[in-house]
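Structural characterization, general
What follows is the residue order along each chain.
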Amino acid sequence: MFEKTTWIRLPRSVVVGHGVLGQTAEVVADSHLPGQPLIVTSPTPREVAGEQVIEALSTVGPEPEVIVVETASFDAIEEVLSRAAEVNPGYLVGLGGGKAIDIAKMAAADRDLGFISIPTAASHDGIVSGRGSVPDGDTRHSVAAEPPLAVIADTEIIAQAPWRLTTAGCADIISNYTAVRDWQLAHRLKNAQYSEYAGALSQMTAEILVENSDSIREGLEESAWIVVKALVSSGVAMSIAGSSRPASGAEHLFSHQLDRLAPGTALHGHQVGIGSIITAYLQGGDREEWHDVRDALESIGAPTTAAELGIDDETVIEALTTAHEIRDRYTILGDGISEAAAREAASVTGVI
Ligand SMILES: NC(=O)C1=CN([C@@H]2O[C@H](COP(=O)(O)OP(=O)(O)OC[C@H]3O[C@@H](n4cnc5c(N)ncnc54)[C@H](O)[C@@H]3O)[C@@H](O)[C@H]2O)C=CC1
Ligand SMILES: O=C(CO)COP(=O)(O)O
Ligand SMILES: [Zn+2]
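This structure is a prediction, so every number in the text was calculated from the model and none was measured.

**Remarks on the domain arrangement of the chain**
What the domain assignment lists for the chain is domain 1 (13-160) and domain 2 (163-348). Placing the centre of domain 1 and that of domain 2 at their C-alpha centroids yields a distance of 25 Å. Counting residues at the interface gives 26 residues for domain 1, matched by 28 residues for domain 2. In this assembly, domain 1 packs against domain 2 so that about 2100 Å² is buried in total across both faces, 62% of it on carbon and sulfur atoms. By the criterion of area lost to domain 2, the three top residues of domain 1 are A122, D125 and R140, representing 31% of everything that side buries.

Set out below in structure tokens:
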């Protein structure tokens with residue numbers, strides 16, 4: 001008997017473009033979201049877009065409550081949940097970068113509420129995904145969370161964010177090359193479940209971004225448009241897969257380990273970009289594809305060396321040799337690489 005089932009959860013609306021925050025009321029109505037919203041945000045996004053979002057949401061319901069969180073952590077989720085228990089919101093809104101959006105989507109899942117994603121930067125591909133990523137002691141969890149019912153990505157706001165946030169988003173996408181390869185490897189060696197559709201979409205997203213890299217330049221709102229579309233596409237790949245696998249391989253394990261060893265030093269996207277250069281080197285292949293990854297990062301102005309990340313060489317080596325311990329996800333790192341191999345990979349690629 002045929003027993004396979006799949007349940008792909010995607011947003012109902014993805015609205016991207018100049019000034020689309022002005023369509024917020026329409027989007028909320030179209031999503032049938034009731035009652036008072038609780039906005040989960042962090043300090044800078046609150047300043048940048050908070051009033052505009054509060055004003056827009058107030059036209060379709062009671063004035064929103066706002067909670068400002070500082071970190072992506074289980075404590076922050078608890079804070080949001082206890083505020084939600086007080087105000088009993090009708091739905092949640094994640095406003096900001098990856099951390100605020102992740103916390104909102106996980107709190108929404110816990111309270112069984114609808115959730116809207118309003119990114120203020122094109123810095124990560126969690127804008128659309130139904131996954132949350134949270135560090136927890138020595139490990140990192142990628143948990144099933146509430147996917148957004150709607151995404152409102154206003155390129156006017158996103159284009160005004162510091163440029164480094166956009167280059168981080170590009171690097172998060174470029175890292176899909178190595179993530180997909182690691183996923184295929186895990187499929188071959190460990191029988192990990194692989195989705196051809198999700199793998200192909202994730203890889204194609206990286207290819208399209210790299211093909212368009214000449215148009216990704218500081219000061220152009222079109223750059224925000226191109227990058228947001230890629231981030232959406234990558235998030236859809238994660239939703240199809242039902243896991244972060246299409247967008248997270250060894251380069252992400254390396255980044256998660258850097259978050260523990262050098263917290264708050266560099267952006268997620270920039271770390272995974274460097275991780276992707278080294279992962280491509282370790283994955284080998286006929287053509288030295290790590291050159292392509294490095295060149296793509298260089299062309300959009302993302303860091304390609306540890307020094308540019310602000311992280312010292314020894315921390316890079318430690319992260320590389322311990323990254324496999326972060327979570328139970330098979331990658332090219334296998335059950336760990338030696339210090340000598342890590343040093344060789346990081347030096348040959350010019351990362352250290
Ligand atoms: N759930 C998922 O599928 C994914 C989750 N992530 C998670 O997302 C996080 C990384 O996201 P990031 O956005 O890099 O980190 P983040 O949320 O810490 O934001 C980075 C910085 O950008 C600032 N910022 C945001 N918008 C701004 C604006 N318009 N102007 C000025 N500053 C602005 C924030 O205040 C923050 O200081 C990590 O925790 C990562 O694990 C990343 C990718 C996928
Ligand atoms: O950052 C991500 C994809 O870009 C999410 O991946 P993780 O599951 O490794 O946190
Ligand atoms: Zn990522």
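**Focus: the coordination of the zinc ion (ligand 3)**
Bound to the zinc ion (ligand 3) on the protein side are D172 (OD), H252 (NE2) and H268 (NE2), at distances that span 2.1 to 2.2 Å. In terms of primary sequence, the donors binding the zinc ion (ligand 3) are separated according to D-x79-H-x15-H. Here D172 is found in helix α6 (residues 163-174), whereas its partner H252 is found in helix α10 (residues 250-261), with 80 residues between them in sequence. Of the two residues, D172 and H252, neither departs from the other in class, the shared state being buried.

**Examining the pairing of strand β7 (residues 139-144)**
Where strand β6 (residues 131-136) and β7 come together, 6 bridges link them in antiparallel fashion. What sits directly across from D136, in β7, is T139. The turn linking β6 back onto β7 is made up of 2 residues, and G137 within it adopts a positive phi angle of 60°.

**Points about the site of ligand 1**
Not every one of the 27 residues close to ligand 1 is listed here, only the nearest: T120, S123, S129, R131 and R140. S129 has a polar side-chain atom sitting 2.7 Å from an oxygen atom of ligand 1. Starting from 860 Å² of accessible surface for ligand 1 in isolation, the protein chains cover 86%. At the level of elements, α2 (43-58), α4 (98-111), β6 and α6 are the ones that each hand at least two residues to the shell around ligand 1.

**Quick notes on the packing of α6 against helix α9 (residues 221-241)**
Taken N-terminus to C-terminus, the directions of α6 and α9 make an angle of 35°; their axes are 10 Å apart at the nearest point. Where α6 crosses over α9, the two elements pack in a sense that is left-handed. Residues W163, T166, G169, C170 and I173 of α6 touch α9, and the partners they reach there are S223, V227, A230, L231 and S234. Here the residues of the contact of α6 with α9 sort into 6 nonpolar, 4 polar and no charged.

**Observations regarding the packing of helix α8 (residues 196-211) against α9**
Interaxial distance between α8 and α9 falls to 8 Å at its minimum, and their mutual angle equals 170°. Taken together, the axis directions place α8 and α9 in an arrangement best described as roughly antiparallel. Our pair here, α8 against α9, has a crossing hand that is left-handed. Between α8 and α9, the residues in contact are Y197, A198, L201, S202, T205 and L209 and I226, V227, A230, S233, S234, V236, A237, I240 and A241, respectively. Grouping the constituent residues of the contact of α8 with α9 by class yields 11 nonpolar, 4 polar and no charged.

**What about the pairing of strand β2 (residues 37-41)?**
Within β2, 5 of the 5 residues are buried, which leaves the element mostly enclosed by the surrounding structure. Neither face of β2 is left uncovered, since the one carrying P37, I39 and T41 and the one carrying L38 and V40 both have all their residues buried. As judged from the 5 bridges shared by β2 and strand β4 (residues 91-96), these two strands associate in the parallel manner. Paired with I39 across the two strands is V93, which belongs to β4. Across 4 bridges, the pairing between β2 and strand β3 (residues 65-68) is parallel. Bridging from a neighbouring strand, V40 pairs with I67 of β3. Assessed by its sense of winding, the connection that carries the chain from β2 through α2 to β3 is right-handed.

Analysis parameters
- Residues numbered from 1 in each chain as written.
- Chains lettered and ligands numbered in written order.
- Predicted model: local features only at pLDDT ≥ 70, side-chain atom pairs only at ≥ 80, totals over all residues.
- Heavy atoms only, no water.
- Domains from an automatic or database assignment.
- Contact = heavy atoms within 4.5 Å.
- Buried area = accessible area lost by both parts, 1.4 Å probe.
- Donors = N, O, S within 2.8 Å, 3.2 Å for Na, K, Ca; no water.
- Helix = DSSP H or I, 4+ residues; strand = E, 2+ residues; numbered from the N terminus.
- Buried < 20%, exposed > 50% of the residue type's maximum accessible area, 1.4 Å probe, protein only.
- Pairing = 2+ DSSP bridges.
- Near = heavy atom within 4 Å.
- Polar contact = N/O pair within 3.5 Å; in protein donor to acceptor, adjacent residues only side chain to side chain.
- Areas by Shrake-Rupley, 256 points an atom, 1.4 Å probe, with all protein chains shown as cover.
- Axes fitted to C-alpha atoms, helices over the stretch in contact; angles between N-to-C directions.
- Left-handed = near helix turned anticlockwise from the far one by under 90°.
- Nonpolar A, V, L, I, M, F, W, Y, C, P; charged D, E, K, R; others polar.
- Parallel < 35°, antiparallel > 145°, perpendicular 65-115°, else oblique.
- Right-handed = clockwise from strand over helix to strand, strands pointing away.

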